[in-house]
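# Architecture and fold: a report
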Amino acid sequence: MTTAIQGMTLGSEAQRALGDFVLRHPRLAVLTGAGISTASGIPDYRDAAGAWKRSPPMQHQQFMGSHAARQRYWARALAGFRVLGTARPNPAHRRLAELEAMGRVSGVITQNVDGLHQRAGSRRVIDLHGRADRVRCMGCGANRMRHDLHAELARLNPGWAEVAARAAPDGDADLEADFSDFRVPGCSRCGRGIWKPDVVFFGDSVPRESVERAFALLAESDALLVVGSSLMVFSGFRFARAAAREGKPIACFNLGRTRADDLYALKLEAPVEASLAALCGLCGGDA
């Protein structure tokens, strides 16, 4: 049965429940989602009920099969990726790095593609859905830094780089226009390949190696902590389901409903920064 505690601040009941959980499970595998990065200015996908806040993002088959879809994606990315590219780690990212340094977190499995855990100092991070700061040729496998491709896109499309639009999740933007004249370069190495962000789009599969590393991390940990994720996507939910199947307790720090609400031993519905600060304090770090 889930012990669910709600509130913007964590009172004595929450402190006791969290302290008991940490005492019994000193090594935590952590699974993070978009909710840990919203304080860094990166929008999330879903509302407190787990429903989409905006139209679903680009699908893998759509991107690969339509030149028009790629024109739309890269034109919007010139505006939207500015937020993702300049985002900085927030206190929640830094708390997890601190907990890892203290030996309390065995590693982080993240569904995010922003690289903020690494920039905050976390050393063992599994980027389940890849990294948005890199692109890969789908023909020959060549790799390239995304800022380099964006510079080329800006040169090929004067004026588009200065278009203003509200940022959307993962480097997208809320922008509708005629994208038919937007020029998208192919791979110069093989001459035919499609440049795609080195991330797992919806409808694509998470690389087997990443999944295996994540399961290995879970296996060596005492419990699973879910931070800032609704777990509506199976790629993350599978680890909560596996932990429950193996008898590993699960705690969750998240505002709103999640797909695994019936699996938790403890759920704190408070801002993740406050929950992680309380956890740090209980583990002997700075509260």
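This text goes with the structure placed above it.
Let me sum up the structure you'll find in this document. (Residues numbered from 1 in each chain as written. Predicted model: local features only at pLDDT ≥ 70, side-chain atom pairs only at ≥ 80, totals over all residues. Heavy atoms only, no water.)

## A few points about the overall build of the chain
To keep it simple, the criterion reads: The way it works is that DSSP assigns letters per residue, a run of H or I at least four long becomes a helix, a run of E at least two long becomes a strand, and they are numbered from the N terminus. We take the radius of gyration over the C-alpha atoms and set the globule estimate at 2.2 Å times the residue count to the 0.38 power. What makes two residues a contact is simply this: any of their non-hydrogen atoms within 4.5 Å. Reported accessibility uses the Shrake-Rupley method at a 1.4 Å probe radius. Residues are deemed covered only where the shown protein chains occlude them. Under this rule, positive means Lys or Arg and negative means Asp or Glu; His and the chain ends count for nothing. Every charge is mapped to an atom, namely NZ of Lys, CZ of Arg, CG of Asp or CD of Glu.
If you tally the helices and strands in the chain, you get 9 helices and 12 strands. The C-alpha radius of gyration of the chain comes to 20 Å, within 12% of the 19 Å expected for a compact globule of 287 residues. Partitioning the contacts of the chain with sequence separation of at least 6, the portion at a separation of at least 24 is 73%. Carbon and sulfur atoms make up 49% of the accessible area of the chain, which totals about 12,800 Å². Of the side chains in the chain, 37 bear a positive and 30 a negative charge, and the two mean positions are spaced by 3 Å.

## What to know about the layout of surface pockets
Rolling a probe over the atoms, with the probe sized like a water molecule, indicates the empty space that remains. Stated formally: For cavity detection a 1 Å grid was placed over the protein atoms alone, and a set of points counts as a cavity when a 1.4 Å probe fits there but cannot get out; an open set counts as a pocket when protein lies on both sides within 12 Å along at least five of seven lines, with lining residues being those that have an atom within 4 Å of a point. Grid points are joined across faces, edges and corners, and a volume is the space filled by probe spheres set on the points. Asp, Glu, Lys and Arg are counted as charged, while Ala, Val, Leu, Ile, Met, Phe, Trp, Tyr, Cys and Pro are counted as nonpolar; the rest, among them Gly, fall into the polar class.
Quantified by volume, the second largest pocket comes out at close to 230 Å³. If you go around the second largest pocket, you meet 19 residues; those closest to its centre are Asp127, His129, Gly130, Asp198 and Pro207. Broken down by secondary-structure element, the contributors of at least two residues to the lining of the second largest pocket are β4 (125–127), β5 (130–137), β9 (195–199) and α7 (208–219). For the lining of the second largest pocket, the residue count by class is 7 nonpolar, 4 polar and 8 charged.

## Brief notes about helix α4 (residues 91–101)
Operational definition: In this scheme, a residue with accessible area under 20% of its type's maximum is buried, one over 50% is exposed, and one in between is partly exposed, where area comes from a 1.4 Å probe on protein chains only. N or O atoms within 3.5 Å of each other form a polar contact, as long as, within protein, one can give a hydrogen and the other can take it, and as long as residues adjacent in sequence are counted only when both atoms are side-chain atoms.
Those residues of α4 that fall on the buried side of the exposure criterion are Ala92, His93, Arg95, Leu96, Ala97, Leu99 and Glu100. Its side-chain oxygen 2.8 Å from the backbone nitrogen of Ala92, Asn90 forms the N-cap of α4.

## Section: the nonpolar core
Applicable threshold: Take the buried residues of types Ala, Val, Leu, Ile, Met, Phe, Trp, Tyr and Cys, join any two whose side-chain atoms come within 4.5 Å, and each joined set is a nonpolar core.
Among the nonpolar cores identified, the biggest contains 28 residues, and Tyr73, Trp74, Trp160, Phe182 and Trp195 are the most heavily contacted of them. Where this core is concerned, the elements lending two or more residues are α3 (67–86), β5, α6 (146–156) and β9. It is α3 that contributes the most residues to this core, 8 residues altogether. Ignoring any residue separated from it by four or fewer positions in sequence, one finds Tyr73 in contact with Met58, Phe63, Arg146, Pro197 and Phe201. Leu18, Phe21, Val22 and Leu268 belong to the second largest nonpolar core, which has 27 residues in total.

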